[in-house]
Amino acid sequence: LRVFVLFSGSCSSGIGLVQGLKHKKTYEIVGAGTNNPEAPGIEGLRELGIDVLAPFSYEQFCSRHGLRPGKRANTEYHEAWLRKIEPLNPDVIALSGYMKIVPAEFLEHYPDTKNVHPMALHYLARRPQEGSNRIVYEGLLDVGYMDPADVARLAAENNLERVFKGESAVFDALVFGHGAVRELRSTVHRATIPYDEGPIEVESASIQIDEEKVRVALKNRNWRVLMEYAGQLQDNLKTAGDVPAFRKAIELTAEGRLAHRDGAVYIDDQRQSYSGLQLFE
């Protein structure tokens, strides 16, 4: 299985793929690219012998081509990436902390684009009303054990949506999920439009949240402590969650054991629940 990695920062999960025991046995990282010319992952990958294509930032691209940042510019930027990636003939694109929204045109070209997200994505809820000071999502539901088709019906009938998406997912889980979310898991899912909504392939083993620490910080409205704690948890997840979950998803794909059918994930022809395959160590 030929895998190309896109990243914006340290590329910890991409580097973890290169260091996996099955690298160059069942899968191979054939190259990498970044939107950040100063990303520390560039040196880390090159030290492991991975060719990192000449990085070019979205801002530089827009300036060079006289484009105003927006949907059109983002599409053209990723079309430029397609031209760089295509000669390497990858089967899978691995998004390792890639901080750009991959447009539909890119995903049409590479439908098996996998993203790793620093939070379990098997929670649904109604969003708090704008201006509300509630700290728990209304009707927060853990639907990880349910069949994906049943989740889709439940969401449509009750106006529910997937929560804890985006860059602030861990912080949001601490604040808005307090009392209901007691652990964190990394999620590997197929990238889709809209973002962080694709079928879940693998979730990592869990990291427990210090609920008392969060309770005290919330009571005192100490947002700095919560932000710092969220950062610590996310850093821990990079190695304890992102890497093993991404490795497992890539290995299963390389071995022909993972498939997508009708909005559900199948592993060894067994239909998985909404949360995909959950790891326990």
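Before reading on, note that the structure itself is shown above.
Chains are numbered independently. Their residues run from 1 in the order of the written sequence. Reporting of local features is limited, given that this is a predicted model, to residues whose pLDDT is at least 70; pairs of side-chain atoms are given and counted only at 80 or more, and all residues count toward the totals for whole chains, interfaces and linings. Excluded from the side-chain calculations are hydrogens and water; all other atoms, namely the structure's heavy atoms, are used.

## With respect to the layout of surface pockets
Where empty space is left becomes clear once a probe the size of a water molecule has been rolled over the atoms.
No. 1: Here the term cavity refers to a set of points on a 1 Å grid, laid over the protein atoms alone, in which a 1.4 Å probe fits but cannot get out; the term pocket refers to an open set having protein on both sides within 12 Å along at least five of seven lines, with lining residues being those that place an atom within 4 Å of a point. Grid points are joined across faces, edges and corners, and a volume is the space filled by probe spheres set on the points. Estimates place the volume of the largest pocket at around 710 Å³.
No. 2: Lining the largest pocket are 29 residues, with Gly97, Tyr98, Met99, Asn115 and Val116 positioned closest to its centre.
No. 3: Helix and strand labels come from DSSP, where a helix needs a run of H or I of at least four residues and a strand needs a run of E of at least two; each type is numbered from the N terminus. Contributions of two or more residues to the lining of the largest pocket are made by α1 (12-18), β3 (92-96), β4 (113-117) and α9 (223-254).
No. 4: The residue makeup of the lining of the largest pocket, split by class, is twelve nonpolar, twelve polar and five charged.
No. 5: Roughly 250 Å³ of volume is contained in the second largest pocket.
No. 6: Along the walls of the second largest pocket sit 18 residues, with Pro148, Val151, Arg162, Glu197 and Tyr274 positioned nearest its centre.
No. 7: Those elements giving two or more residues to the lining of the second largest pocket turn out to be α6 (148-158), β7 (161-162) and β13 (264-267).
No. 8: Charged residues are taken to be Asp, Glu, Lys and Arg, nonpolar residues to be Ala, Val, Leu, Ile, Met, Phe, Trp, Tyr, Cys and Pro, and polar residues to be all remaining types, Gly included. Classifying every residue of the lining of the second largest pocket gives eleven nonpolar, four polar and three charged.

## What to know about the environment of Ala191
No. 1: As for its position among the elements, Ala191 is in the loop between β9 (187-190) and β10 (200-203).
No. 2: With relative accessibility at 11%, the residue Ala191 sits in the buried group.
No. 3: Those residues in contact with Ala191, other than ones at most four positions away along the chain, are Leu95, Leu107, Thr113 and Lys114. The buried label applies to any residue whose accessible area, calculated with a 1.4 Å probe on protein chains only, is under 20% of its type's maximum; exposed applies above 50%, and partly exposed to all values in between. The contact definition used throughout considers only heavy atoms, calling two residues in contact when any of these lie within 4.5 Å.

## Examining the sheet that holds strand β14 (residues 270-271)
No. 1: As summarised here, the arrangement of the three strands in space is β12-β13-β14, forming an open sheet in which the pairing is antiparallel. Edge positions in the sheet fall to β12 (258-261) and β14, since each of these pairs with one other strand and no more.
No. 2: DSSP calls a pair of strands paired once it identifies at least 2 bridges connecting them. In this structure, β12 lies alongside β13, joined through four bridges in antiparallel fashion. By the bridge assignment, Arg261 is partnered in β13 with Ala264.

## Some thoughts on the packing of aromatic side chains
No. 1: Only Phe, Tyr and Trp rings take part, Trp by its six-membered ring, and two of them pair if their centres are within 6.5 Å. Stacked means planes under 30 degrees apart, edge-to-face means over 60, and tilted covers everything else. Within the structure shown, the criterion is met by seven aromatic pairs.
No. 2: Ring centres of Tyr58 and Tyr77 lie 5.6 Å apart, and the angle between their planes is 80°; this geometry places the pair in the edge-to-face category. One end of the pair, Tyr58, is in helix α3 (residues 58-65); the other, Tyr77, is in helix α4 (residues 71-85), with 19 residues separating them in the sequence.
No. 3: Grouping aromatic residues by their ring pairs yields a cluster made of Phe56, Tyr58, Phe61, Tyr77 and Trp81.

## Examining empty space enclosed by the protein
No. 1: Taken as a whole and assessed by the stated rule, the structure comprises one cavity of 30 Å³ or more.
No. 2: If you trace the largest cavity, you find it lined by Ala173, Leu174, His178, Gly179, Val181, Ile209, Glu211 and Val214.
No. 3: Only α7 (169-176) and α8 (211-219) provide two or more residues apiece to the lining of the largest cavity.
No. 4: Residue composition of the lining of the largest cavity, by class: five nonpolar, two polar and one charged.

## Overview of α8
No. 1: Buried within α8 we find Val214, Ala217 and Leu218. Seen end-on, α8 carries its buried residues on one side only, within an arc spanning 100°.
No. 2: Where α8 is buried, its residues meet α7 and α9.
No. 3: The first or second residue beyond α8 is Arg221, which carries a positive phi of 50°. Here, the arc refers to the directions that run from the helix axis to the C-beta atoms.

## A short note on the pattern of salt bridges
No. 1: Whenever a carboxyl oxygen of Asp or Glu lies within 4 Å of a side-chain nitrogen of Lys or Arg, that contact is scored as a salt bridge. The final tally for this structure, using the stated rule, is 15 salt bridges.
No. 2: Note that Arg190 and Asp112 form a salt bridge whose closest N and O atoms lie 3.3 Å from each other. With Arg190 in strand β9 and Asp112 in the loop between α5 (104-109) and β4, the pair connects residues that are 78 residues apart, well separated along the chain.
No. 3: Of the charged contacts in the structure, one is a salt bridge between Arg257 and Glu255, with a shortest N-O distance of 3.2 Å.
No. 4: Note on Arg257: relative accessible area 31%, which makes it partly exposed.
No. 5: One connected set of salt bridges, linked through shared partners, spans Lys22, Glu255, Arg257 and Asp268.

## Examining the pairing of β13
No. 1: Side chains Ala264 and Tyr266 of β13 all project onto a buried face; the interleaved residues Val265 and Ile267 project onto the opposite face, where all are buried too.
No. 2: Linkage of β12 to β13, two consecutive antiparallel strands, is achieved through a turn of two residues, within which Asp262 is found at a positive phi near 55°.
No. 3: Between β13 and the antiparallel strand that follows it, β14, lie two residues; Asp268 among them carries a positive phi value of about 55°.

## Observations regarding the side chain of Ser57
No. 1: Structurally, the position occupied by Ser57 is in the loop between α2 (41-47) and α3.
No. 2: Relative accessible area serves as the criterion here: at 8%, Ser57 is assigned to the buried category.
No. 3: Pairs of N or O atoms within 3.5 Å make up the polar contacts considered here, provided that, within protein, one atom can donate a hydrogen while the other can accept it, and that residues adjacent in sequence are counted only when both atoms are side-chain atoms. Only 3.0 Å separates the side chain of Ser57 from the backbone nitrogen of Gln60, close enough to count as a polar contact.
No. 4: Among all residues touching Ser57, those that are not within four sequence positions of it are Asn35, Pro37 and Tyr77.

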